[in-house]
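Each chain, letter by letter, is given below.
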Amino acid sequence: MKFVIVLACLAAVAFAAPAEEVQILRSESEVGPESFQYNFETSDGNKQEAQGQLKNAGTEQEAISVTGSFSYVADDGQTYTVNYVADENGFQPQGAHLPVAPEA
């Protein structure tokens, strides 16, 4: 499952890449039975990193908790960064360019 997540992230970056040739500048990963981490950087300014940990292994509350970030250079030339947590409470992104819901 963890390998699939990493592979999907890499595929998303590959399909979103512009027509020019993009080089991988850095790529590291480590996958264990109850955790993973990876990071990479490409020549077009894309960066991504994430760490995941299996929580409550073997129980009905088993869940994976992932923290990470990604950044990219948009068509307007700005670099946008999103930091996130993804766990049993869902995907929780934060970024200066993302709207924030009003507090109740």
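The rules behind these values
Residues numbered from 1 in each chain as written. Predicted model: local features only at pLDDT ≥ 70, side-chain atom pairs only at ≥ 80, totals over all residues. Heavy atoms only, no water. Helix = DSSP H or I, 4+ residues; strand = E, 2+ residues; numbered from the N terminus. Buried < 20%, exposed > 50% of the residue type's maximum accessible area, 1.4 Å probe, protein only. Contact = heavy atoms within 4.5 Å. Pairing = 2+ DSSP bridges. Axes fitted to C-alpha atoms, helices over the stretch in contact; angles between N-to-C directions.

### A word on the overall build of the protein chain
- A tally of helices and strands in the protein chain yields one helix and six strands.
- Each helix and strand of the protein chain, placed in order from N terminus to C terminus, yields the pattern α-β-β-β-β-β-β.
- Expressed as a percentage of its 104 residues, the buried residues of the protein chain come to 21%.
- Intrachain contacts of the protein chain at a sequence separation of at least 6 include 22% that bridge at least 24 residues.

### Examining the sheet that holds strand S6 (residues 90-94)
- In space, the six strands of this open sheet follow the order S1-S2-S3-S4-S5-S6, with antiparallel pairing throughout. The open sheet has two free edges, formed respectively by strand S1 (24-31) and S6, since each of these has just one partner strand. Strand-to-strand twist in this sheet, taken as the mean axis angle between neighbours without regard to direction, amounts to 10°.
- In terms of strand pairing, S1 meets strand S2 (residues 35-42) through seven bridges, oriented antiparallel. The partner of Arg-26 across the bridge, within S2, is Glu-41.

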